[in-house]
Amino acid sequence: MKRKESSAVFAERVLEGVDHVGVVERVVIWIERKPGAVWAVGRAVNPQHRRGEHARPDDYVFEGYELEDALEHANATLEDDLTVIERDGKSERCLPFTRDECLKPLEAWFFGRSS
């Protein structure tokens with residue numbers, strides 16, 4: 001998923017599951033930093049099949065000013081999708097989002113260094 005140039009993606013997870021008729025689907029969950037110091041968590045299903053490459057407004061499951069809140073929402077979203085995938089009979093493993101994973105690129109972005 002491409003984000004607006006003024007945003008920066010700090011972490012992303014891609015899951016593979018199946019839809020209600022058994023067709024493989026791709027779920028992308030990400031944490032990004034938007035203008036105005038806003039953390040956002042997005043979730044898109046099969047973004048590779050969309051006409052445009054940018055996230056839609058309804059892809060966002062959280063927007064707020066605290067990284068901890070974003071991590072909580074991102075990990076809850078991730079856990080929900082993993083539960084559904086498991087219930088559908090598929091095994092998918094994925095590490096949770098972490099604070100350090102977001103802080104390192106944030107510091108590099110803020111101070112203008114490459115990570």
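Residues numbered from 1 in each chain as written. Predicted model: local features only at pLDDT ≥ 70, side-chain atom pairs only at ≥ 80, totals over all residues. Heavy atoms only, no water.

Novice: Run through the packing of helix H1 (residues 67-87) against helix H2 (residues 99-111), naming residues and quoting values.
Specialist: Contact pair H1 / H2: the axes reach a minimum separation of 10 Å and the direction vectors enclose 130 degrees. If you check the angle between H1 and H2, you find them oblique. Like other packed secondary-structure pairs, H1 and H2 cross with a definite hand, here right-handed. Contact with H1, carried on its side by Leu67, Glu68 and Leu71, involves Arg99, Cys102 and Leu103 of H2 and no other residues of that element. Of the residues belonging to the contact of H1 with H2, the class tally is four nonpolar, no polar and two charged. (Axes fitted to C-alpha atoms, helices over the stretch in contact; angles between N-to-C directions. Helix = DSSP H or I, 4+ residues; strand = E, 2+ residues; numbered from the N terminus. Parallel < 35°, antiparallel > 145°, perpendicular 65-115°, else oblique. Left-handed = near helix turned anticlockwise from the far one by under 90°. Contact = heavy atoms within 4.5 Å. Nonpolar A, V, L, I, M, F, W, Y, C, P; charged D, E, K, R; others polar.)

Novice: Would you mind going over the pattern of salt bridges in detail, with residue names and values included?
Specialist: Counted under the stated rule, the structure contains six salt bridges. Between glutamate 16 and lysine 90 there is a salt bridge, with the nearest N and O atoms lying 3.1 Å from each other. Of the two residues, glutamate 16 is situated in strand E1 (residues 8-18) and lysine 90 in the loop between H1 and H2; the sequence distance between them amounts to 74 residues. (Salt bridge = Lys/Arg side-chain N within 4 Å of Asp/Glu carboxyl O.)

Novice: Explain the side chain of asparagine 46 to me, and be specific about the residues and the numbers.
Specialist: Inspection of the secondary structure assignment puts asparagine 46 in the loop between strand E3 (38-45) and strand E4 (60-64). When near neighbours in sequence (up to four residues on either side) are disregarded, asparagine 46 contacts Val24, Glu25 and Arg26.

Novice: Can you tell me about the sheet that holds E4, naming the residues and giving the values?
Specialist: If you walk across this open sheet you meet the four strands as E1-E2-E3-E4, and the pairing is antiparallel. Looking along the sheet, the strands with just one partner apiece sit at the ends: E1 and E4. Within this sheet the neighbouring strands show an average axis-to-axis angle of 10 degrees, counted without direction. Pairing geometry for E3 and E4, over four bridges, is antiparallel. Across the sheet, the residue bridging to glycine 42 is tyrosine 60, located in E4. Those strands touched by H2 are E1, strand E2 (24-34) and E3, and its axis lies near 145 degrees from that of E1. (Pairing = 2+ DSSP bridges.)

Novice: For H1, give the residues involved together with the corresponding values.
Specialist: A rise of 1.5 Å per residue sets the reference length of H1, with its 21 residues, at 30 Å; its end C-alpha atoms lie 30 Å apart and thus fit the reference within 8%. Of the residues making up H1, those classed as buried are Leu67, Ala70, Leu71, Ala74, Thr77, Leu78, Asp81, Leu82 and Ile85. Along the axis of H1, the buried positions cluster into a sector of 135 degrees, meaning they face one direction only. Opposite the packed face of H1, turned more than 90 degrees from it, sit the exposed residues Glu72, Asp80, Glu86 and Arg87. Once H1 ends, the next one or two residues include glycine 89, with phi positive near 90 degrees. (Expected span 1.5 Å × (residues − 1). Buried < 20%, exposed > 50% of the residue type's maximum accessible area, 1.4 Å probe, protein only. Arc of directions from axis to C-beta.)

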